[in-house]
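In case you want the letters, here they are:
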Amino acid sequence: MPFTLVSSLISDPSIYLHQVFQLTTSQIIKKEKKKKKRTTMSSITQGSYPPLLQDAEKERLVQVVKDWTVAHGLTVRPPPAIAGNDTEGILATSAPVTLFPSPFPKSCFEEAKAIQTTYNELYALISQDEEFLTEMVKEVAGGDEFIANLWNVHLRVKKEGYVQNLALGLFRSDYMVHQDDASLQIKQVEFNTIASSFGGLSTQTSLLHKHLAQHEYPLLSSSSSASNLDLPSNDSAAGLAAGLRAAFDAYGPSTLGHPTCVLFLTQTGERNVFDQRHLEYALTSSGPNKVPVFRLPFSDILTHTTLASTPTRQLLYTLPSNPSLVFEVAVVYLRAGYGPGDYPDQEAWEARYQIERSNAVCCPTVLTQLAGMKKVQQVLATPEESNSNSVPSALAKFMPPTAEKTQRLLKTFTNIYPLDTSSSGLHARSLATSPTQCQKYVMKPQREGGGNNFYRSAIPEQLAKIPEEHWNSFILMEIIEPPALANSILRNGKVEVGGVICELGVYGTCLWDQSSGEIKFNEEAGYLLRTKGDKSEEGGVAAGYGCMDSVTLV
């Protein structure tokens, strides 16, 4: 997957960097009824940030970043255009990364982290509600074969009976800062329930920017704006590993006498391998007892795993390098299987079925993966048609409507609409097909991984290609308009300067019992900041649209 950035390059970066935050006083100062000043992004990032770089300074900083990233594993496998014929897989290159941490409102950052355990709880509850998920699947499966096939895996296992009640979620809730006339607030872009990536590289990115702030920024001729940066710690790799460790410990020892292990299911030719390795290394070094961790391509599941001929159907992994060693898999962590590309044939679906029906703790189960559908996000956020000010009934089904934690979740929702034949859906259809109204929206399918959405004028064009009876497989979301920022991005050894947009992801780990509903582990687990050019619609780093970043709190 190419790591290219559709960036907003400008004719005179130095002028832009000086002027990007210089808004008028009337734009900066807003007051509440009590005359209390409100915080806006422009008021807390006044001045020239990031600092201007002279050519010699840029050359030095780039070299430092290239060396540091390779030395500390802030790396990816290079794209084919750069790797050439690297058949032995020996090459690595710096992950695309900003030269400076990006300003992020402290109040928004703290709120996103504070509500993560509530989001964990919410999606654990959704995963347990088969009736609710049945209705969600019915809404979209007619026009989405992938979702229909996932649901069929669940139905097959349900028919013979699940043997493992524990379920693990390594989640990530993604936000952008929304700036209105009075304040800054976080608005949720999406909630990820499978293969929530970059927890490993995110920790390293935070450490990189701390290193630069201590050793390199003070050497710049215009260093004042990069002094006294508020760089929070970020233990996302350790936090996610703690969730895997909790599931591994809860599984307990093998009743068959095998050593137990954690199995990472990956994509063939995975370029983001080092992100996954950081998580693996954090897991193997956690706790007093050793946790064996193995990587297995999703396409090789049926080749190297079998189910024990016992009522509990233990998942057994035969080590390819030494077939005499057989491990019982305690936890299966899917970093693949989130999109149709991972299921090229029926054998791939049989492999997913084997994992799901086994006794291993799945991260995620099929039900948890389906809980991450955009349709679920839409239903949670859409008020009743009879009362637009009410707590959405779907959210009230899982959370007490008047509870403070529910109200805090509500504040993160943006306007999301179905594209079905309800009155809300018909209204959304009129917006989506209007050449002018569609400019404010993004249309999303039920997919993870980036690169799947349709923005603005592309929406009516795409709908024209789809049978109208399948439109309800999509949702329509109002585009979040974040404040203007600027930064410099190092990609493949070259620096790109211009306007950027930042997206914050907060990780969460949750282990629960699908049968009893008991939550056994629930933690916030660090953060990810992805930055993209301000003319780029998508933001996924692995999908080739964004870059790694970290926050400086303002």
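Worth saying up front: this structure is predicted, and the values here are computed from it rather than measured.

A. Local environment of the side chain of Glu503. Tracing the backbone shows Glu503 in strand E19 (residues 494-513). At 2.6 Å, the side chain of Glu503 forms a polar contact with the side chain of Arg530. Ignoring anything within four residues of it in the chain, the contact list for Glu503 reads Asp174, Tyr175, Met176, Val189, Leu528, Leu529 and Arg530.

B. Region of interest: the pairing of strand E17 (residues 475-478). Looking at chain direction, strand E14 (residues 416-418) and E17 are connected through three bridges and run antiparallel. Bridge pairing in E17 links Pro418 to Ile475. Pairing of strand E15 (residues 441-444) with E17 involves four bridges; the strand directions are antiparallel. In the sheet register, Val442 faces E17, and the bridge partner there is Met477.

C. Structural view of the pairing of strand E7 (residues 184-192). Counting buried positions along E7 gives eight out of nine residues, so the element sits mostly inside the fold. Two strands pair when backbone bridges link them, and strand E6 (residues 166-179) and E7 are joined in this way by eight bridges, in the antiparallel orientation. When the bridges of E7 are listed, Ser173 appears paired with Phe191. Hairpin geometry of E6 and E7 is characterised by an intervening segment of four residues between the two adjacent antiparallel strands.

D. Representation of the pattern of salt bridges within the structure. Scanning the entire structure with this criterion turns up 20 salt bridges. Here Lys375 makes a salt bridge to Asp420, at a shortest N to O gap of 3.9 Å. One end of the pair, Lys375, is in helix H16 (residues 374-381); the other, Asp420, is in the loop between E14 and helix H19 (423-433), and 45 residues separate them in sequence. Just as Lys375 is buried, Asp420 falls in that class too.

E. Expanded view of the environment of Glu328. Looking at the secondary structure, you find Glu328 in strand E12 (residues 326-334). C-alpha separation for the pair Glu328 and Tyr317, spaced 11 residues apart in sequence, amounts to 6.2 Å. Excluding anything up to four places from it in sequence, Glu328 contacts Tyr251, Ser254, Thr255, Leu256, His258, Pro259, Thr260, Cys261, Gln314, Leu315 and Leu316. Polar contacts involving the side chain of Glu328 include one to the side chain of Tyr251, which spans 2.4 Å.

F. Summary view of unusual backbone geometry. In this model, Tyr49 is joined to Pro50 through a cis peptide bond whose omega is 0 degrees. As for its placement among the helices and strands, Pro50 is situated in the loop between helix H3 (41-44) and helix H4 (55-71). Each neighbour pair has its own omega, and for Cys363 with Pro364 the value is 5 degrees, a cis peptide bond. Looking at the secondary structure, you find Pro364 in the loop between strand E13 (361-363) and helix H15 (366-371). Here the phi dihedral of Asn492 falls at roughly 50 degrees; this positive angle occurs in a residue that is not glycine. Within the secondary structure layout, Asn492 lies in the loop between strand E18 (485-491) and E19.

G. Summary view of the UniProt feature "binding site: Mg(2+)" (unreviewed entry) in the protein chain. Residues given the UniProt feature "binding site: Mg(2+)" (unreviewed entry) here are Glu190, Asn192 and Glu448. Taken together, the annotated residues stretch across 259 residues yet fold into one region, lying no more than 9.6 Å apart by C-alpha. As for its position among the elements, Glu190 is in strand E7. Apart from residues lying up to four places away in sequence, Glu190 is in contact with Arg172, Ser173, Asp174, Lys374, Gln377 and Lys444. Residue placement: Glu448 occurs in the loop between E15 and strand E16 (454-455). In this structure Glu448 comes out as buried when scored by relative accessible area, which is 10%.

Criteria and cut-off values
- Residues numbered from 1 in each chain as written.
- Predicted model: local features only at pLDDT ≥ 70, side-chain atom pairs only at ≥ 80, totals over all residues.
- Heavy atoms only, no water.
- Helix = DSSP H or I, 4+ residues; strand = E, 2+ residues; numbered from the N terminus.
- Polar contact = N/O pair within 3.5 Å; in protein donor to acceptor, adjacent residues only side chain to side chain.
- Contact = heavy atoms within 4.5 Å.
- Pairing = 2+ DSSP bridges.
- Buried < 20%, exposed > 50% of the residue type's maximum accessible area, 1.4 Å probe, protein only.
- Salt bridge = Lys/Arg side-chain N within 4 Å of Asp/Glu carboxyl O.
- UniProt positions renumbered as here; feature names shortened; annotations may be inferred.

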